[in-house]
Amino acid sequence: MKFRSHTLDNGLEIIAECNDAAHSLGLGFFVRTGSRDETDQIAGVSHFLEHMVFKGTPKRSAEDVNREFDELGAHYNAFTSEENTVYYAAVLPEYQEPILDLLADVMRPSLREEDFEMEKKVIVEEIQMYADQPPFGMDDKIKELHYGKHPLSRSVLGTVESVEALSPQQMRTYFESRYSPGNLFVAAAGKVDFEALVTQVANRCGDWKAQETSRDIPAPNSGSSFKCIHRKSATQQYILQLADAPASEDDDRYAAKLLATIFGDDSGSRMYWEMVDSGLTESASLGHYEYLGAGMFFTWISCEPEAAEANFERLAKLQEQAERDGFTAEELRQAQSKVKARVVLGSERPRNRLFHLGGNWMQRREYRSVADDLAAVEAVTLDDLHRVLEKFPFSKHTTVTIGPLEQWPA
């Protein structure tokens, strides 16, 4: 595999991991915009805009867009997160030019007012549906409690109030700023004809107007609190915890991934053996999530309401034991084997390599091969694990529990 890159005169970057042995091609537009780039007044606009991109362009109707994706046999979709919005497709290599033409066109949508008002209803319904599903929006609420007014505390969906108040002109202004060529890039992985790709992107995107765009990355000023929320309709009690962790630009992120694997992976971890395999909880896990300037260890437990307090105490004891006694060489070895297997298995499809390629470029503007990641995982030592856990203890957290319990036992 070979990494290639090129930058157009207007600042639009094109990157690719070219693999002549591949039988498919993954291609996407990665936009550096998400909920952390919004304000309270326009909360949810990034996700709303993602929907609007597929509603048609000056050249194509919404029906044309969907039909052409299908005609190319494309596996396509889009998603919005706290930090980015990604539009992607996986196709056979011979469709490189038509899929690029289609994706490039939808990156300049019409944003018609009639489509805007219709899709607004869809977004509001999505927010309401999300609030009705476990854990009933508490994964957003816990970020607010932990991070306060930090940009990462903002919900990707926004609120019913902010979405209903949003105007088409506010969205157009946001689009012009955030979807400028210097704030997005084209990424491709698999059987890529890179020279042709550069020409194809230049022909379709070379005249896009450059506009200055920035992002604030303040340091988090996280807190520690506990909140019990009564939800009469719930049948289980949910316990969520959020603790600080290494950020995406921190080399300790590899140690954090291994810490999370040993302590809270959904199979074979300390939490799994103590709480899931024993039948004490339906689910119990801890994962590491990384963002620019901040990271988080996110813990999730679901169980019978009457068992919630005891399971909470079990979790606290596991955290105390890890911070006091650390981990073993055998646990580290097993976690490294598990993570390396996931890296390799997840890299066998060009579409997965596309997300890895684009994610690294988005967060650190670097290219990392499979071998680079395997070496980084293998290089983590027990001392690294213990040093990171001392700096980012699991036990210093914000906790939210929601379910039938009206109040948490004293």
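Residues numbered from 1 in each chain as written. Predicted model: local features only at pLDDT ≥ 70, side-chain atom pairs only at ≥ 80, totals over all residues. Heavy atoms only, no water.

S.K.: Requested: an account of the sheet that holds strand β3 (residues 25-31), with residues and values cited.
M.R.: Strand order in the open sheet formed by 6 strands is β1-β2-β6-β3-β5-β4, with mixed pairing between adjacent strands. Across the chains shown, the open sheet's two edge strands, defined by having one partner strand only, are β1 (2-7) and β4 (75-80). Looking at each pair of strands side by side, their axes are set apart by 15° on average, direction ignored. Sitting on the sheet, helix α8 (residues 194-205) touches β1, β2 (13-18), β3 and β6 (184-190), and the angle it makes with β2 is about 155°. Packed on one face of the sheet, helix α13 (residues 350-364) meets β1, β2, β3, β4, β5 (85-91) and β6 and runs near 145° to β6. (Pairing = 2+ DSSP bridges. Helix = DSSP H or I, 4+ residues; strand = E, 2+ residues; numbered from the N terminus. Axes fitted to C-alpha atoms, helices over the stretch in contact; angles between N-to-C directions. Contact = heavy atoms within 4.5 Å.)

S.K.: Hey, could you go over the sheet that holds strand β9 (residues 283-291) for me, with residue numbers and the actual values?
M.R.: Neighbouring strands of a sheet are bound in pairs by backbone hydrogen bonds; such pairs are parallel or else antiparallel. Strand order in the open sheet formed by 5 strands is β7-β11-β8-β10-β9, with mixed pairing between adjacent strands. One side of each edge strand has no neighbouring strand; the edge strands of this open sheet are β7 (226-230) and β9. Neighbour-to-neighbour, the strand axes of this sheet turn through a mean angle of 15°, independent of strand direction. Across the sheet, helix α9 (residues 253-264) touches β9 and β10 (294-303), and the angle it forms with β9 is around 175°.

S.K.: Give me the lowdown on the pairing of β9, citing residues and values where you can.
M.R.: In this sheet, β10 lies alongside β9 in antiparallel orientation, the contact comprising 9 bridges. Bridge pairing in β10 links Ser-283 to Ser-302.

S.K.: Could you give me a rundown of helix α7 (residues 168-178), with the residues and numbers involved?
M.R.: For α7, the full list of buried residues reads Pro-168, Met-171, Tyr-174, Phe-175 and Arg-178. Seen from one end, α7 has its buried residues packed into an arc of 125°, which puts them on one side. Buried-residue contacts for α7 involve β3, α1 (45-53) and α4 (113-132). (Buried < 20%, exposed > 50% of the residue type's maximum accessible area, 1.4 Å probe, protein only. Arc of directions from axis to C-beta.)

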